[in-house]
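Structural description and commentary
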Amino acid sequence: MLARRSLVCNLAGPLPHPALALLSDFRLMVNRGIREAIEQGLTAQGSLTKYSQGLARELRVNGVHSRTPMDTALSLDAGHRRRLRKGARSRVPYVRSPFLVADDSTFHLNPDTGHLRLSLRNSEWAGLDLRQSDWHRSVLADRRIKQLRLNANRAVLVLELDTPEPYTPQAILALDTNERSLDGVLLEPDATTPLVVPYPDVATIQHRHFARRRRLGRKKAHDRRVGRKLLGREGRREHRRIVQRLHLLTKMLVAQANSRGAALSLEDLHLPRGGGHGRRMRRRLSSWPQRELHRQLEYKAEEQGVPVLKVNPRNTSKTCPRFGEIKERRSRVGRVFVCASCGWRCDRQLNAGLNICQIVLREAPKGPSNSGLGGLWLSPDALPKDAMKLLYSPGHAGAHGRSGRERRIEVAPRDGGGF
Ligand SMILES: [Zn+2]
């Protein structure tokens, strides 16, 4: 099966002028395409072909660059129409910063040197250099580049790669995603293991950066331009630190599932949890780390052929995993779930993980691809009481050195040098 991945590369130097001009023209073509599609009521791919060819001639842009801006315009329009249909507020899309989406026929990259030749106009090329690490080279080695996305600061290469067919699962690794941990169960034919996979440092980083951003916002309230710049830098730093930790975690989890022949089952974070917006979705901090965690799990699982089963999270936190009734004692406080009809008691987060597992067992298609699940049976009563297994402890050696460095940054904040 074919899958697409994107690889981010920094530019080794500023873009040459002719390339910048092409980026501006591309932006113009996208914006004109958006207007044209809305005025003419066009939605289908390819409906703007004639228009874009005329536009390319007018702007003296290579004709091969005329298709991708229209695809971009139509997809931006589609998002606009979708928002309007849902009754959300939406303005006609307008692209502000110059960018380019180029098909593989319009550029050539030398993966060893990072030199990229980009076709501008007829028989006119621009050369630019991408910074390539050994890691970039290893990723590029056996993959085909399908697309280049370029703006003034960086390039993103869209790669195509072969992924194995997902295997037939013999076990289920069902996990409920929480703010500081994944909780659930590993269900194998001969064993049922309750699991906690903690990642406390992600929430800690979020809290710390949240406080720091607020302090920074107050301090720079008199100068919005500087304030915005510093806040942006803080945000990017936080982002990188969280993503790095999640990569360690997701790599380990997918390897664990793979080595046991297990299917990975998770709640579908794009569906509402039920009960209004759900107690757990209304948390103070954004649910972005959870989504990023799932994104990483899904693409890594796909690369290794680990099947992923997504489950509707509705009521998973208030259902009794024994008989499936949605009943909970009135007092919903504390970390323990208590069933109102049978008295089942369990850690609340683990309970949601058990329900995810039950849903998979109940609803997984009984085709040959999931035949291994036929022999599995989850009996909550057979779970070893109070014996949760830690599947992962954030690596001691590495984590220690890193936290030392963080503390140093904390104690000696940079004074924002260039301002
Ligand atoms: Zn019950």
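This text follows the structure it describes.
Here the structure is a predicted model, which is why all the values come from computation and not from measurement.

Before going further, it helps to spend a moment on the overall build of the protein chain. Secondary structure assignment for the protein chain yields nine helices and 15 strands. Here the protein chain holds 419 residues, and 45% of them are scored as buried. Counting contacts in the protein chain only where the partners sit at least 6 residues apart, residues at least 24 apart contribute 69% of the total. About 23,300 Å² of surface is accessible on the protein chain, with carbon and sulfur atoms providing 51% of the total.

Listed in full, the buried residues belonging to helix H2 (residues 49-59) are Ser-52, Leu-55, Ala-56 and Leu-59. Summarising the axial view, the buried residues of H2 lie within an arc of 100°, below the 170-degree limit, and thus occupy one face. Turned more than 90 degrees from where H2 packs its buried face, Lys-50, Arg-57 and Glu-58 sit exposed. Summarising the contacts, the buried residues of H2 are in contact with helix H1 (17-40), helix H3 (67-85) and strand E4 (115-121). Where H2 ends, the next residue or the one after it, Arg-60, has phi of about 55°, a positive value.

Burial of the side chains of strand E3 (residues 107-110) is restricted to one face: Phe-107 and Leu-109 are buried, whereas none of His-108 and Asn-110 on the reverse face is. Here four bridges tie E3 to E4, and the two strands are oriented antiparallel to one another. Paired with His-108 across the strands is Arg-117, a residue of E4. Counted along the chain from E3 to the antiparallel partner E4, the turn is four residues long, and its residue Gly-114 has a positive phi close to 80°.

Let us look at the pairing of strand E2 (residues 99-103). Counting buried residues along E2, five of its five residues qualify, which places the element largely inside the surrounding structure. Of the two faces of E2, the one carrying Phe-99, Val-101 and Asp-103 and the one carrying Leu-100 and Ala-102 are both buried. Relative to strand E6 (residues 144-151), E2 runs antiparallel, the two being bridged by five bridges. In the strand pairing of E6, Leu-100 is matched with Leu-150.

Let us look at the sheet that holds strand E7 (residues 154-162). Read across the open sheet, the four strands follow the order E1-E7-E6-E2; overall the sheet is antiparallel. Sheet topology places strand E1 (2-10) and E2 at the edges, where each strand pairs with a single neighbour. When strand polarity is set aside, the average angle formed by the axes of neighbouring strands in this sheet is 20°. Strand contacts of helix H4 (residues 134-141): E1, E6 and E7, with the helix running at about 155° to E1, the strand carrying the most contacts.

A few words on the pattern of salt bridges. The tally for this structure, following the rule as stated, stands at 15 salt bridges. Between Arg-67 and Asp-71 there is a salt bridge; the shortest N-O distance is 2.5 Å. Taken together, the residues span about one helical turn, with Arg-67 and Asp-71 both in helix H3 at a distance of four residues. A relative accessible area of 21% places Asp-71 in the partly exposed class.

In this section: the packing of aromatic side chains. Within the structure shown, the criterion is met by one aromatic pair. Judged by centre distance (5.2 Å) and plane angle (80°), the rings of Phe-26 and Phe-99 are edge-to-face. In this pair, Phe-26 sits in helix H1 while Phe-99 sits in strand E2, placing the two residues 73 residues apart along the sequence. One exposure class covers both Phe-26 and Phe-99, and it is buried. Looking at Arg-117, its charged tip hangs above the ring of Trp-125, at a distance of 4.1 Å from the centre.

Moving on, we come to the state of the cysteines. This model, assessed by the stated rule, comprises zero disulfides. The structure places no disulfide on Cys-346, whose sulfur is separated from the nearest cysteine sulfur, that of Cys-320, by 9.5 Å.

Relative orientation of the contacting elements helix H6 (residues 224-259) and helix H7 (residues 288-304) amounts to 40°, with a least axis distance of 9 Å. The orientation of H6 relative to H7 falls into the category oblique. Relative to H7, the crossing made by H6 is right-handed. Mapping the contact onto sequence places His-239, Ile-242, Val-243, Leu-246, His-247, Leu-249, Thr-250, Lys-251, Leu-253, Val-254 and Asn-258 in H6 and Trp-288, Pro-289, Glu-292, Leu-293, Gln-296, Leu-297, Tyr-299, Lys-300, Ala-301 and Gln-304 in H7. Grouping the constituent residues of the contact of H6 with H7 by class yields twelve nonpolar, six polar and three charged.

What counts and what doesn't
Residues numbered from 1 in each chain as written. Predicted model: local features only at pLDDT ≥ 70, side-chain atom pairs only at ≥ 80, totals over all residues. Heavy atoms only, no water. Helix = DSSP H or I, 4+ residues; strand = E, 2+ residues; numbered from the N terminus. Buried < 20%, exposed > 50% of the residue type's maximum accessible area, 1.4 Å probe, protein only. Contact = heavy atoms within 4.5 Å. Areas by Shrake-Rupley, 256 points an atom, 1.4 Å probe, with all protein chains shown as cover. Arc of directions from axis to C-beta. Pairing = 2+ DSSP bridges. Axes fitted to C-alpha atoms, helices over the stretch in contact; angles between N-to-C directions. Salt bridge = Lys/Arg side-chain N within 4 Å of Asp/Glu carboxyl O. Phe/Tyr/Trp six-rings, centres within 6.5 Å; stacked < 30°, edge-to-face > 60°. Lys NZ or Arg CZ within 6 Å of the ring centre and 35° of its normal. Disulfide = S-S within 2.5 Å. Parallel < 35°, antiparallel > 145°, perpendicular 65-115°, else oblique. Left-handed = near helix turned anticlockwise from the far one by under 90°. Nonpolar A, V, L, I, M, F, W, Y, C, P; charged D, E, K, R; others polar.

In short, geometric facts, not functional conclusions.
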